[in-house]
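# Overview (structure and organization)
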Amino acid sequence: MSNRMWGGRFGGGPDDIMEEINASIGFDQRLFAQDIRGSLAHCAMLADNQIISQQDADEICNGLKTILADIEAGNFTFSRALEDIHMNIEARLAELIGPTAGRLHTARSRNDQVATDFRLYVRDTIDHLSGQIVALIGALVAKAETHADTIMPGFTHLQSAQPVTFGHHLLAYVEMLSRDHGRLVDARKRLNESPLGAAALAGTGFPIDRHQTAEALGFDRPTANSMDSVSARDFALETMSAAAICATHLSRLAEEIVVFASPGFGFFNLPDAYSTGSSIMPQKRNPDAAELVRAKSGRIIGALNGLLIVMKGLPLAYSKDMQEDKEGTFNALDSLSLCLAAMTGMMETMTINADAMREAAGRGFSTATDLADWLVREAGLPFRDAHHVTGALVALAEAEGTELAALSLAQMQQADARITEDVFTVLSVENSVASRTSHGGTAPDNVRAAVAVWTAQLADMGDA
């Protein structure tokens, strides 16, 4: 009895079900360029080592280049019956040049072939993502320079804590993204070994030169163990781990855009290009781009978890489970690329309401720590005593509905007689941020110095 939930999709029986579960061409066709690059390198090596004739190699290479051109032009028909990108290309090569096409697969397996393709793809994607991160860092550094003196509230627990500069706030994300860039660069170094020639799992008896193919494909060296070569996917896991951490950083920045662009804060104005309206409320400007960046971090983290779970119980060497490595990786890295592009666009085009930031920075007794520090530095109180005195003055200001700087000297001296008129020099938010000159502090001069350092470093990061 047929299952009506399945409809007629698998009406032909087990063969249809097997084709559906087994075929990967629907997603691995994007590996076509990497697959052909690997085949061209393998073919040249076979000819150079007299494993196949030069005439056969020339025919094969010409056929592969024709196939590449056809795929790039959209003139190639992919067949689900041929399972994957490797068999689709091999079958088309046989149509073009005949039985000679069968010589291409000498001394290799689909196992080392797909491992090579996948490494090439991840490596290419890392290069693209690294460039995008550098572009976003550049946008943040430029805005930090513009807003080196712009004062905003700094938060802990999303409660007003101490005044900071907006430039300093942005440079915190520059630090995060620079580590993201470094993780991707490190992952690239570790993955840059060639599995090609490991064959199914045990290597081959043909006199191949794996160093030649590794060099031809831009790898640093061939992988050292044939079983590890075909079964390792930690290069994808490491790359997705770096992607997940980066996505988490982008999500945090996106959350701040959502919060600070809301009417309750009014710090940011997002351009129309990165906002949407409401179907019913005409006044709304929704930060949808930022919200989707925030949401896509879940997709990226989920893809990492998915592949970890796929790999956790697999014995050596290759298992068909590994076919599940690509869709999640493709989706995660595509999503990160989109998020980086969207965030760069938002940071480049949003406008900043400096007046709203400055006003908010002065609320919530944000200079209380400056008062406590003054009591320690100028009046000689132990910090815990200074903390107590400051707390009493905050309570007094709160009871009177005013700010610390609005209290009179007499009121302050009721809390501690050692307070002098000089205390008022530290109670403005401008003086507060200007005083934070310690290494890594928020002072405007610190921000400008950090911007200069990052501007110089960006060129080196782009070359990494």
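See the structure printed just above.
We now turn to the structure provided with this report. The written sequence of each chain sets the order in which its residues are numbered from 1. The predicted origin of the model limits local features to residues at a pLDDT of at least 70 and limits the giving and counting of side-chain atom pairs to 80 or more, whereas totals for whole chains, interfaces and linings rest on all residues. As a rule here, side-chain values come from all non-hydrogen atoms in the structure, and water together with hydrogens is ignored.

### Details of the packing of aromatic side chains
By convention here, two paired aromatic rings are described through the distance between centres and the angle between planes. Our working rule: The criterion for an aromatic pair is that two Phe, Tyr or Trp rings (for Trp, the six-membered ring) have centres within 6.5 Å, with stacked assigned to planes under 30 degrees apart, edge-to-face to planes over 60 apart and tilted to the rest. Accessibility here uses a 1.4 Å probe with only protein chains present; expressed as a share of the type maximum, an area under 20% marks a residue as buried, one over 50% as exposed, and anything in between as partly exposed. By definition, any uninterrupted DSSP run of H or I lasting at least four residues is a helix, any uninterrupted run of E lasting at least two residues is a strand, and each is numbered from the N terminus.
The full count for this structure, using the stated rule, is eleven aromatic pairs. Measuring from ring centre to ring centre gives 4.8 Å for Phe-76 and Phe-78, while their planes differ by 55°; the resulting arrangement is tilted. You can call Phe-78 partly exposed: its relative accessible area is 25%. Seen in terms of ring centroids, Phe-118 and Phe-235 are 5.5 Å apart; in terms of plane orientation they differ by 70°. Their pairing is edge-to-face. With Phe-118 in helix H6 (residues 110-146) and Phe-235 in helix H10 (residues 234-260), this pair connects stretches of sequence that are 117 residues apart. For the pair Phe-118 and Phe-235, one class covers both residues: buried. What links up through ring pairs into an aromatic cluster is the set Phe-155, Phe-166, Phe-260, Phe-265, Phe-267 and Phe-268.

### A look at the pairing of strand S1 (residues 151-156)
In plain terms, the rule: Strands were regarded as paired on the criterion that DSSP finds at least two bridges between them.
Here S1 runs beside strand S2 (residues 159-165); their pairing, made up of six bridges, is antiparallel. Across the sheet, Pro-153 pairs through a bridge with Pro-163, a residue of S2. Between the antiparallel neighbours S1 and S2 lie two residues, among them His-157 with a positive phi of about 60°.

### Quick look at the environment of Ala-199
Heads up, the rule is: Only heavy atoms enter the contact rule, under which two residues are in contact if any of them lie within 4.5 Å.
Within the fold, Ala-199 resides in the loop between strand S3 (193-194) and helix H8 (210-216). Accessibility expressed as a relative area gives 8% for Ala-199, which makes it buried. Separated by 90 residues in sequence, Ala-199 and Ser-109 have C-alpha atoms that sit 4.6 Å apart. Excluding residues within four positions of it along the chain, Ala-199 makes contact with Arg-108, Ser-109, Asn-111, Asp-112 and Val-230.

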